[in-house]
Amino acid sequence: MFLGVIDSLIHPQSSCPRNASKHTCRCEGRQPNRYFQSNGIKTTKYTLLTFVPMNLYEQFHRLANIYFVGLVILNFFPVVNAFQPQVALIPICVILALTALKDAWEDFRRYQSDRKLNNTPCLVYSRREKQFAERCWKDVQVGDFVKVACNEIIPADLLLLHTSDPNGVCHIETANLDGETNLKQRTVVHGVCVTHPEFDPESFNSRVVCEKPNNNLNHFKCYVEKPDEEKVGAGIESLLLRGCTVRNTDHAAGFVVYAGHETKSMLNNSGPRYKRSKLERKLNVDVLFCVILLFAMCLIGSLGHYLWRLSLPDVPPYLVADGNGHLDSPSLSSFYMFFTMIILLQILIPISLYVSIELVKMGQIFFITNDVDLYDEETDSRVQCKALNITEDLGQVEYIFSDKTGTLTENKMLFRRCSIMGTEFPHKENGTSHTQWNCFSSLLIPHGTNSHIAISSPTSWGFVRHTPSLQSGPSGGRCFFNETEVIPDRKLLQQITRGENSSRKTDPYLDFFLALAICNTVVVSMATARRRRVSHLLPPTVLFRSHFHPPADKKEGTDAISRHRKCSLHVLSQSDVSAVTSADLRYEAESPDEAALVYAAKAYGFVLLARTPNSVTVRLPSGDELVFEVLDTLTFDSNRKRMSVLVKHPVTKEYVLYTKGADYAIMELLGTPYAGTGRKQKNVATDTQHHVDCYAKEGLRTLCFAKKIVSEKMYEDWLVGRQRALAAIDNREELIMETAGQLETNLSLLGATGIEDRLQESVPDTIVALREAGIQVWVLTGDKPETAVNIGYACRLLEEEDLVINMSCKNKLTCTAILDCTLEEVKRYNDDPRNVDTTQNISVVIDGPTLTMALSPDLRDRFMELARRCRSVLCCRVTPLQKSRVVKLVREKLKVMTLAVGDGANDVNMIQAADIGIGISGQEGMQAVMASDFAISRFKHLKKLLLVHGHWCYTRLANMIIYFFYKNVAYVNLLFWYQFFCGFSGTAMIDYWLMIFFNLFFTSVPPIMFGIMDRDVSAEVLLGVPELYRTGQGKGEYNFLTFWISILDAFYQSLVCFFVPYLVYQGSDVDIFTFGTPLNTSSLFVILLHLSIEIKAWTVVHWVVMLGSVLLYFVVTLAFSAICVTCNPPSNPYWILQSQMADPTFYLICILTTVVALLPRYQWSVGQLLHNQYAIAQNNHLHSYSPHSSSSYSLKILFLHFF
C-alpha cells in the first residue's frame, strides 16, 4: 500500500520561518508538502503550440485518414499522378479541418471552465496574517488549512477538523459527485488541534498519513499521528470531498489531503464514455471489403494497361517520353498505372462517411432527448444520452438485465406489516381513507384505557410520504386524504401502553420501536423548511435565533424575520429538541427503507427528534424524551447484510446493541432469548420466520430487528480492537467488518417488518411488449426469492402457464443434477415431432448461492444453455458482483447484444458490464445514472426508447451506411468503365473539380437528412406490433447479403449510366467533357432518386435538400463552365453544360438513363411496400375483430416484413 505522509504547512519541523508567509515558503522550496499535486486543474488536451501536431496525430489514428493522406502524397509523384496534386488535397483537408475546428471548440470550452474554476476564491489560513485570507483555488496546496462557509463548494479534499456545530458535525450535499441530493453527515477528527473557543490551525502539530489517491468515493483510509505517536483513525466520515457543497453548517475548516487532479472527484472525472457500436464494427469490415474491391479494380486496370501497351504495333504520339527520350516499358508502365488507378478510384472508400455518421447520431440524439413521451412531469426530467456513439445499438438488444427495487418498483417504501416477539400485527387499516378524525382517534385509543400516548396532532400518528393534506371534518376534527398513511394497529397500541405502564425497565415492544427509530443514519431537520441558503439580509446568528427561539413577546416577529423563517433549515441540535413538535420534523434518509421505518415509529409515538454523532434523542408516546449516547455505528455493507447501533440506555445505563438486517443475516446470529418474556428464542424465531415468509410472498420487503445487552467489560475490550481497525491503513475494511462480527453475536430477536414497494406504472405492459419484440428479460435482485417471485408474477415476468424451475441448492451436486435434468427435459420436448414450431414456456428462479455454483467453470456452459432456452430468468439474493458476472457471461457466451438497467449504486457494475447501460433517476441517488450510457426516469420509457427510437436509429443508420457505399461505388465505377475505352490510362471524362464537388456538396446532405429523419414505420405501428423490432436483432438489416446486393446494384446502375450515353454518342465527334457531362448529370439524378425510393417518410426537409442539391449542382456547374477555362489544364470545360442544356439529346439521355437504372430497384421497393401495408392492414382488422388473436397474427406480419 502506497501511503501519503502529509505535514501541516505550519508543522514545527518545517524549514519555513515562523513569521514567513505561505507563498514565500513555497517559493523558497521549503514548503513541507511542495512535492504533492497542486490544486489547479487542467482538463484541456491542447495548447496553441501543440494543437496542430497533437490533433493531427489523433486524427491519423483513423486508418481512413492515413489512407487518403497517403494517396495525396502519392499524387505528387509525376509518374503516377492522376490529377493536379493541389486539387487532390482539397477533400482530405476539408475533412481534417472540420474535425479540427470541432475539437478546438470543445477544448476551448474546457479551457474556459478550467479558468473559471481555478480562479474561484476560497479562504486559506495565512501564518503571516494570523487569519484565513482569500486565495484562489489554484493556489491551495496539500497541507493548507481551508475554511468553507455554508453553501460554498469545497475546493479540495479536506480532512475535517472543525465545524460551527457544537457536536462537530458538518452536512454536505454530494449532488455534484453522485447526483444524490440528500444530506450526508461528516464528523470532525477529535483531539488533534484546539477547536474551542476558536479553531486554531497553529495548534495542529501532527502528521496525516493516508492512502494513495484513488477514485473510490465511499472509502478513505487515514490516520493522524500526534507528537506522542498516538494514532487517531479517520475514514470517509471525516473527509469533505472536492465539489461537494456545505449545507446547514455555518462554516467548517479542514486540512487539505488531496488537491487538484489527485482529488477523488477529479479521479472520477474520466470524461465522456466511448463505446464501439456493433454497427461500427461491421462498418470497418465492409470498409476492408471496399479496399479489397479497390485493389482488384486497380489490378484489372494495371493488367489492362499492360495488355494494351503490348497490343500497340509502335509507339503512339500521345505517349510522351521523358527528357532523355526514354519511354517506360509496358511492365513498368503498368506498375505505375496501378498507383494511378488507386488515386483515380480513391473515392470508392467513403472519406466523409465517418463525419456523416457523427452528424447523424447527433441528430438522432436530439430527437430522442426531445421526445415528449419520454419526459416525466413528476421529476421534471427527460431522457439523457451520455454515450453519443451507440444509439443504433438500442435497436439490436436481445437481452435485458433489470434490477427490481427502484427499477420495476417505485422505491417509495410504505410500512404495511410487522411481527413482534412472534406475534403478527397485520395493520389491515393501512392504505384506507378515513374522512373523519374523530373516527380515526377512536380507533387509536380504545375507550376505557388509561393511555398516556399523546395525540396532540394527527401527524403524530399518520405516516405520509409527503406532507399530509389536513382539513376540518364534520365534527370539528381534522381529516386525512392520503391513502399511504400508517394507521397504528389497535392491539399493538394496547401492547405499547401495557409496556409503558409495567414496572419492568425494558419491554420488547418498546425496544422494537426504539430499534426502528434509532438503528439508522437518518438526518433530522425541519419539515416545513427548505434547505438553508446563505442570506445577505440578516446575520446568521439572527437567522438562527429568529427561527428556533422566537421572541416571547412578539407574535410573528418582523416581516423580514418571518420570511427568513420560511426559507431556513437547520439540522436539529439538542437545544432545539424541546421546542419542536413532531409535526415540524423532516427526515432525510439515504435509503427509502430507513425513512419508512422512522415514520412508522413516529406513527406509534416513538419520534426521532435529533441525531448527532454522539447522541440520538427519541420522544416516547408518554411524552418523555430519552437521549441515547451513541457509542458506535456499525454501518451496513453488502457482505454482512445488516447494520447496528451501539448506544448507552439513559434509564438502565446498559450498553445496548440494536441490529437490523435481512432475515437470514439475523437469524443465524440469534442466541440469548429476550429477558422477561418467558418465550423461548427458538419459538419466537420460528414464528417470526413464518411471518417473514408470508410477507415475502405478498411482495413485501422484509427486515428483522434484534437486540443485545453488552457488558461494560466486553465493550471496553471490543473498543480496543475497534480503534485499532479504524486507525489501520492496510485491510481496513476487513478489520472493521471483523470487529462488527465480533459484537453482532448472541442476539435477541425483537421482530420483523414488511414494507411495500409498489410497481411502477405500465411495467407489466412494457415487459410483455419487450418479450414480444424478441427480447429476453432477466431480473437480478437482492430480495428474498418469495418477494421476487411475487413481483415477477405481478409484472408479468412470470406467467401462470410457465414451467417455473426453482433452483435453490445447498451443494454443487444438487445444482448439477437440476441443470442436467432440466436440459434433458427441454431437449426431449424439442425433439418431439408434435411440438414443431412451438416453444416451451420455461422460467428459472435461482438464488445467490446457487448462482455462484452455476457460474463455476464446469457448470457455466450448461447454465447458459438452459438460460438460452428460458423465457425469463429471476436471480434472487444476488450481490452487485454477481450481477456483473451474469451480464458478462451472457454477453460473451451467447454473443448477444445486452442491456442493463438499474437505479442504485449496487447496479453500477451491471450497467458498466453490459453493451448498453441505462440508469433510472429514482430514489437512490444518481450513481447509476452517472455510470450509464442513457438515463430515463421510468421503466415504461424503455418501451418506446427501444421499440421506436432504437428501431429508427438502427434502420436509419444502417440504410444510410449502405447507401453511402452504394453511392461511392456507383459513381467511381463510371471512371472504371471509361478505362476500357482509353487504354487504362487513368484518364477521367469528368472534370476533377466537379468530381470533388459531387461528393462534397451535391450528394452529401441528402443522406445525412435521410439518416436523421427517415421513418420506415410509424411509432404507433412499432408500439402496436413489437415483433417488428426483431428486424434489428442478430445480423439485422445491415448484413453481408444486403451490403453485397447494394454493391451489385451500384455496378448495374453505373453500367447503365455509362453505356446509355456511350451508345448515344457512339460514332460522333464529341469531346471528352461533352461525353462526361450528361453522364455526370444522369448519375446525380440516379443517385438522388435512388435515395428518394429508400425514403419512407417524406418531410419538408427532405424536399428542400433534394431539390436544393439538384439546384446547387446546376448553379455550380454552370458557373464553373463559364468562368473556369484553365482550372485543370490541358482540359477545357468552358461552356460545356450550357451547350448541353441547349441540346434535347442531353435531356433524353438523363431521362432514359434514370428510368432504366432505377427500374429494378423501384419494382422491388413497391412490391415490398405493398406486402407490408397489406399485412399491417390485416393485422389492424383482426385486432379490431378479436384482440386476443392479434399477438399471434403479428408473427405473420413479421414474416411478411422480412419477405
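Please read all numbers here as calculations on a predicted model, not as lab measurements.

Caption draft 1: Focus on the pattern of salt bridges. In the structure shown here, the tally under the stated rule is 42 salt bridges. Of the charged contacts, one joins D103 and K102 as a salt bridge, the two residues approaching to 3.2 Å between their closest N and O atoms. Given the relative accessible area of 11%, D103 is considered buried. The salt bridge involving K883 is made with D403; its shortest N-O contact spans 3.3 Å. Residue K883 is found in helix α25 (residues 880-894), and its partner D403 is found in the loop between β15 (399-402) and β16 (414-420); the two are separated by 480 residues along the sequence. What emerges from the salt-bridge pattern is a single network uniting D376, E378, E410 and R938.

Caption draft 2: Representation of a nonpolar patch on the surface in the model. Side chains of Y1052, Y1147, L1148, I1151, L1152, V1155 and V1156 sit close together on the surface and give an oily, nonpolar patch of about 630 Å² of accessible area. With 6 residues, the top contributor of residues to the nonpolar patch is helix α36 (residues 1144-1185). Within the fold, Y1147 resides in helix α36.

Caption draft 3: Fine view of the nonpolar core. L283, L345, M960, I961, F965, M989 and Y1038 are the most contacted members of the largest nonpolar core, which totals 100 residues. The element best represented in this core is helix α28 (residues 941-979), accounting for 19 residues. Counting residues domain by domain, this core receives three or more from each of domain 1 (6-116) and domain 3 (360-367 + 947-1177). Counting residues in hydrophobic clusters, the runner-up holds 76 residues, among them A515, A589, V616 and V647.

Caption draft 4: Region of interest: the sheet that holds strand β32 (residues 872-876). Spatially, β14-β35-β34-β33-β15-β29-β32-β31-β30 is the arrangement adopted by the 9 strands of the open sheet, whose pairing is mixed. The sheet terminates laterally at β14 (384-385) and β30 (803-807), the two strands that pair on one side only. As judged from the 5 bridges shared by strand β31 (residues 842-847) and β32, these two strands associate in the parallel manner. The residue bridging V844 from the neighbouring strand is V873, located in β32. Each of β30, β31 and β32 is contacted by helix α21 (residues 785-794), which is oriented at about 150 degrees to β32, the strand it contacts most.

Caption draft 5: Here's a closer look at the packing of aromatic side chains. Tallied over the entire structure, the rule returns 57 aromatic pairs. Judged by centre distance (6.2 Å) and plane angle (70 degrees), the rings of Y399 and W778 are edge-to-face. Pair noted here: Y399 is in strand β15 and W778 is in strand β29 (residues 776-780), with a separation of 379 residues, a long-range link. Owing to a relative accessible area of 4%, Y399 belongs among the buried residues under this scheme. Under the relative-accessibility criterion, W778 is labelled buried at 0%.

Caption draft 6: Representation of the pairing of strand β28 (residues 748-756) within the structure. Among the 9 residues of β28, 8 are classified as buried, and the element is accordingly described as predominantly covered. With 6 bridges connecting them, β16 and β28 associate as antiparallel partners. In the sheet register, I420 faces β28, and the bridge partner there is G751. Alignment of strand β27 (residues 701-710) against β28, held across 7 bridges, turns out to be antiparallel. Each residue of the ladder has a partner; that of C704, found in β28, is A752.

About the criteria used
Residues numbered from 1 in each chain as written. Predicted model: local features only at pLDDT ≥ 70, side-chain atom pairs only at ≥ 80, totals over all residues. Heavy atoms only, no water. Salt bridge = Lys/Arg side-chain N within 4 Å of Asp/Glu carboxyl O. Buried < 20%, exposed > 50% of the residue type's maximum accessible area, 1.4 Å probe, protein only. Helix = DSSP H or I, 4+ residues; strand = E, 2+ residues; numbered from the N terminus. Patch = residues over 30% accessible without salt bridge, like charges linked within 9 Å, V, L, I, M, F, W, Y side chains within 5 Å. Areas by Shrake-Rupley, 256 points an atom, 1.4 Å probe, with all protein chains shown as cover. Core = buried A, V, L, I, M, F, W, Y, C linked by side-chain atoms within 4.5 Å. Domains from an automatic or database assignment. Pairing = 2+ DSSP bridges. Contact = heavy atoms within 4.5 Å. Axes fitted to C-alpha atoms, helices over the stretch in contact; angles between N-to-C directions. Phe/Tyr/Trp six-rings, centres within 6.5 Å; stacked < 30°, edge-to-face > 60°.

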